[in-house]
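Structural description and commentary
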Amino acid sequence: MPSATEPMSRGKSPKGPRFRAALEHWNRKLHYYAGLFLLFFMWLFAFSGLLLNHPTWSFAESWNNRKERNYDRDMTVPGPEVKGDLGQARAILRQLGIEGEILWTTTRTDASLFDFQVRRPGHFFFIKADFAKKRVNVRQSDVNLWGVIKVLHTFTGVQMDDPRNSRDWALTSLWAYSMDAVAAGLIFMVLSSLYMWWELPQKRVSGAVVLGLGSLICGLFCVGLRWLF
């Protein structure tokens, strides 16, 4: 047995084991910290997914129980320096004190009439502006907490069927970046789980069965429904 003062022979460098130990240490640490960060996001998406998947649950009814208000306001017509429908919509919203994501406006057959919608979780605004009369009508629909939870599941600020639409509310962008972080965190947690599973030889068979079963079911919905049915 070599003494402590003798140099280590080649092939016995501790760099490999040290790197592996450090990798396992940080993988576990980041795995559970990522899990804590994602905890409430995942609960939100799991619960809202259940609500969307079971629309007949009466306790979570939101749209039929919405509260509506309808009111008119005087307004200052946006000047010529305000360009485009989006700029005019923002100018009107500032006068009304309303914030939210502006949806694409309807086709304007009369330049003096301007209709558009604004949405934010829990609140829907249907706005009709009459530039000739300098009046604006607002129909506001407010849903309960269940409605907010369901909206957050699909709230992106863009319409998938209209590529021209883009996010124009700061909180929508913040929510979208948060969802990007959630997606990246889940990808990391899956990869770190695979690494921890592989490092446990006694769990490889049972883990492989569970992994294969999950892959099979996911593949059925992603690919199989198209090619097999």
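This one's a predicted model, so the numbers in the text were calculated from it and none came from an experiment.

Let's shift gears to the packing of helix α1 (residues 15-53) against helix α4 (residues 170-198). Two numbers describe how α1 lies on α4: the axes approach to 8 Å, and their chain directions differ by 135°. As the angle between them shows, α1 and α4 are arranged oblique. Considering the relative orientation of α1 and α4, their crossing is left-handed. Its residues assigned to classes, the contact of α1 with α4 shows 16 nonpolar, seven polar and three charged.

Right, let's get into the sheet that holds strand β5 (residues 135-142). Spatially, the five strands line up as an open sheet ordered β1-β5-β4-β3-β2, and their pairing is antiparallel. Each edge of the sheet is formed by a strand with only one pairing partner; in this case those strands are β1 (67-74) and β2 (101-102). Here β1 pairs with β5 via eight bridges, running antiparallel. Opposite E68, over in β5, you have S141 as the bridge partner.

If you look at α1, its biggest bend is around 45°, right at L38. Among the structural elements, α3 (145-154) and α4 are those in contact with the buried residues of α1.

About the criteria used
Residues numbered from 1 in each chain as written. Predicted model: local features only at pLDDT ≥ 70, side-chain atom pairs only at ≥ 80, totals over all residues. Heavy atoms only, no water. Axes fitted to C-alpha atoms, helices over the stretch in contact; angles between N-to-C directions. Helix = DSSP H or I, 4+ residues; strand = E, 2+ residues; numbered from the N terminus. Parallel < 35°, antiparallel > 145°, perpendicular 65-115°, else oblique. Left-handed = near helix turned anticlockwise from the far one by under 90°. Nonpolar A, V, L, I, M, F, W, Y, C, P; charged D, E, K, R; others polar. Pairing = 2+ DSSP bridges. Bend = angle between axes of the 7 residues up to and from the residue. Contact = heavy atoms within 4.5 Å.

Functional significance is not addressed by these values, which are geometric in nature.
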